[in-house]
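Remarks on the overall topology
Listed here are the chains, written in short residue letters.
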Amino acid sequence: GWTIHMGHSAVLGVVFAGFAHAAPQYTNTLGKSLGAGLVYGIVLWAILGAIVMPLWVGAVLPMNPPVPTINPMSLVGHTVYGGLLGLLYSVFTSR
């Protein structure tokens, strides 16, 4: 499970980079890039973590998790992921 999660994280990081490259006005400073990353992490949590994941688990396992699944620690983790993603994007693409 952890390996799959990290694979998704890598793909979603590339998706963030694509969005950031397409709309540089939202990531052209360190602060803006951090903010964009935080928002991205929260959106990922709200859509993928709280809705898609429990639907998928319920479809493939004999479990019936609630939809949405509101897990505060998952929100913290996705927010940290997004913040670090935004910061690192800014650091590695600074002009």
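These notes cover the structure that comes with them. (Residues numbered from 1 in each chain as written. Predicted model: local features only at pLDDT ≥ 70, side-chain atom pairs only at ≥ 80, totals over all residues. Heavy atoms only, no water.)

Turning our attention to the overall build of the protein chain. The helix and strand tally for the protein chain stands at three helices and zero strands. Order of helices (α) and strands (β) in the protein chain, N terminus to C terminus: α-α-α. Expressed along its principal axes, the backbone C-alpha trace of the protein chain runs to roughly 50 × 20 × 20 Å. Within the protein chain, the proportion of its 95 residues that are buried is 26%. Long-range pairs, those at least 24 residues apart, make up 63% of the contacts in the protein chain with a sequence separation of at least 6. Of the roughly 6300 Å² of accessible surface on the protein chain, a fraction of 78% belongs to carbon and sulfur atoms. (Helix = DSSP H or I, 4+ residues; strand = E, 2+ residues; numbered from the N terminus. Buried < 20%, exposed > 50% of the residue type's maximum accessible area, 1.4 Å probe, protein only. Contact = heavy atoms within 4.5 Å. Areas by Shrake-Rupley, 256 points an atom, 1.4 Å probe, with all protein chains shown as cover.)

Glancing now at a nonpolar patch on the surface. On the surface, a cluster of nonpolar side chains totalling about 880 Å² of accessible area is made up of Leu30, Met73, Val76, Val80, Leu84, Leu87, Leu88, Val91 and Phe92. For the nonpolar patch, the element with the highest residue contribution is helix H3 (residues 72-93), accounting for eight residues. Relative to the helices and strands, Val76 is located in helix H3. On the basis of relative accessibility, which here comes to 44%, the residue Val76 falls in the partly exposed class. (Patch = residues over 30% accessible without salt bridge, like charges linked within 9 Å, V, L, I, M, F, W, Y side chains within 5 Å. Salt bridge = Lys/Arg side-chain N within 4 Å of Asp/Glu carboxyl O.)

Our next topic: the nonpolar core. Formed by Phe16, Ala20, Tyr40, Leu44, Leu85 and Tyr89, the largest nonpolar core amounts to six residues. Put simply, the parts of the chain that give this core at least two residues each are helix H1 (2-22), helix H2 (30-60) and H3. Each residue touching Phe16, except ones within four places of it in the same chain, is listed here: Thr27, Ser33, Ala36, Gly37, Tyr40, Leu85, Gly86 and Tyr89. (Core = buried A, V, L, I, M, F, W, Y, C linked by side-chain atoms within 4.5 Å.)

Right, let's talk about unusual backbone geometry for a bit. In this structure, Pro68 follows Val67 across a cis peptide bond, with omega equal to 0°. Note on placement: Pro68 falls in the loop between H2 and H3.

What follows deals with the packing of aromatic side chains. Tallied over the entire structure, the rule returns two aromatic pairs. Plain terms: the ring middles of Phe16 and Tyr40 are 5.2 Å apart, the flat faces sit at 55° to each other, and that makes the pair tilted. One end of the pair, Phe16, is in helix H1; the other, Tyr40, is in helix H2, and 24 residues separate them in sequence. Tyr40 carries the same exposure label as Phe16, and that label is buried. Among the aromatic residues, ring-to-ring pairing joins Phe16, Tyr40 and Tyr89 into one connected group. (Phe/Tyr/Trp six-rings, centres within 6.5 Å; stacked < 30°, edge-to-face > 60°.)

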